[in-house]
Amino acid sequence: MLIDPRRKSVKKEQHLPFLGIGPIYVISILFLTLIALLLRDHPVFAAGRLNLLRVPLIIIGVLVILMSVFMWIQAVLVSKLHENIKENHLLTSGVYAWVRHPIYSAFMLLCTGLLLLAGNACFFVLPLIYWGLLTVLIMHSEEKWLKDLYGNEYLEYCRKVNRCWPWKPQKSEK
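Fair warning: this is a prediction, and the values are worked out from it, not measured in the lab.

Cut-offs used in this document
Residues numbered from 1 in each chain as written. Predicted model: local features only at pLDDT ≥ 70, side-chain atom pairs only at ≥ 80, totals over all residues. Heavy atoms only, no water. Buried < 20%, exposed > 50% of the residue type's maximum accessible area, 1.4 Å probe, protein only. Helix = DSSP H or I, 4+ residues; strand = E, 2+ residues; numbered from the N terminus. Arc of directions from axis to C-beta. Contact = heavy atoms within 4.5 Å. Axes fitted to C-alpha atoms, helices over the stretch in contact; angles between N-to-C directions. Parallel < 35°, antiparallel > 145°, perpendicular 65-115°, else oblique. Nonpolar A, V, L, I, M, F, W, Y, C, P; charged D, E, K, R; others polar. Salt bridge = Lys/Arg side-chain N within 4 Å of Asp/Glu carboxyl O. Phe/Tyr/Trp six-rings, centres within 6.5 Å; stacked < 30°, edge-to-face > 60°.

**Student:** Tell me about helix H6 (residues 142-150), and please be specific about residues and values.
**Tutor:** An α-helical segment advances 3.6 residues per turn. Residues three or four places apart therefore align on the same side. Three or more residues of H6 are buried, namely Glu142, Glu143, Leu146, Leu149 and Tyr150. Angularly, the buried residues of H6 cover 130° about the axis, an arc narrow enough to put them on a single face. On its buried face, H6 sits against strand S2 (90-91), helix H4 (102-118), helix H5 (126-139) and helix H7 (152-160). Two residues or fewer after H6 comes glycine 151, characterised by a positive phi angle close to 60°.

Printed below as a string of structure tokens:
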């Protein structure tokens, strides 16, 4: 379902930036993940090695990475995100019915999957940091822009759909 933005408060030339805070967030979490991967076997972090759980962590990590790739494809390509931003359509269907910011969530899951592959519990706190960083950045930027652009329609959407973690969509009340 696309919510039509053609109302008095939305101007045709007014739309969200195509990149938003994405590059800042993605580069930050990729950098933290890379550091963790490089340090996973360092003697300082030896106590966190989970050698007995290596195979299950690899399986779960690969599944999380595949889910992140699927989510990104759904959010960007299948949902035709670029076109919808240009046309000022608020996406609320498909993957956007499961999570409000699926592209950022996909990168968060990608990095989490990579950390699971690393198999060192010392770095399992990083996904919480990723979530916290995403929450703060989104609340103070894109969610404000979306609220200003779409008003009550966006607020209603926020009541139904999680910000960062994909979750089964809630049924609309009629």
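**Student:** So what about the packing of H6 against H7? Which residues, and what values?
**Tutor:** Where H6 contacts H7, the axes come no closer than 6 Å and their chain directions differ by 130°. Looking at the two axes, H6 sits oblique to H7. Facing Glu143, Leu146, Lys147 and Tyr150 of H6, the residues of H7 in contact are Asn152, Glu153, Tyr154 and Leu155. A class-by-class count of the residues in the contact of H6 with H7 yields 4 nonpolar, 1 polar and 3 charged.

**Student:** Provide a residue-level description of the pattern of salt bridges, including the pertinent values.
**Tutor:** Summed over all chains, the structure comprises 6 salt bridges. A salt bridge links glutamate 143 to arginine 100; the shortest N-O distance between them is 2.8 Å. Of the two residues, glutamate 143 is situated in helix H6 and arginine 100 in the loop between S2 and H4; the sequence distance between them amounts to 43 residues. Accessibility classification places glutamate 143 together with arginine 100 in one group, the buried group.

**Student:** Now, about the packing of aromatic side chains: what can you tell me, with residues and values included?
**Tutor:** Summed over all chains, the structure comprises 3 aromatic pairs. Arranged with centres 6.1 Å apart and planes meeting at 75°, the rings of tyrosine 25 and tyrosine 104 form a pair that is edge-to-face. Remark: tyrosine 104 occurs in helix H4 and tyrosine 25 occurs in helix H1 (residues 22-39); sequence separation between them is 79 residues. A residue is classified by how much of its surface remains accessible, and tyrosine 104, at 7% relative accessible area, is buried. Centre to centre, the rings of phenylalanine 45 and phenylalanine 123 are 4.8 Å apart; their planes meet at 50°, and the pair counts as tilted. Of this pair, phenylalanine 45 sits in the loop between H1 and helix H2 (54-78) while phenylalanine 123 sits in the loop between H4 and H5, placing them 78 residues apart in sequence. Take phenylalanine 123: its relative accessible area is 8%, and that puts it in the buried class.

**Student:** Can you lay out the packing of H5 against H6 for me, pointing to particular residues and giving the numbers?
**Tutor:** Closest axis-to-axis distance for the H5/H6 pair is 4 Å, and the angle between their directions is 35°. Contacts between H5 and H6 involve Leu137, Ile138 and Met139 on the former and, on the latter, Glu142, Glu143 and Lys144. Broken down by class, the residue content of the contact of H5 with H6 amounts to 3 nonpolar, no polar and 3 charged.

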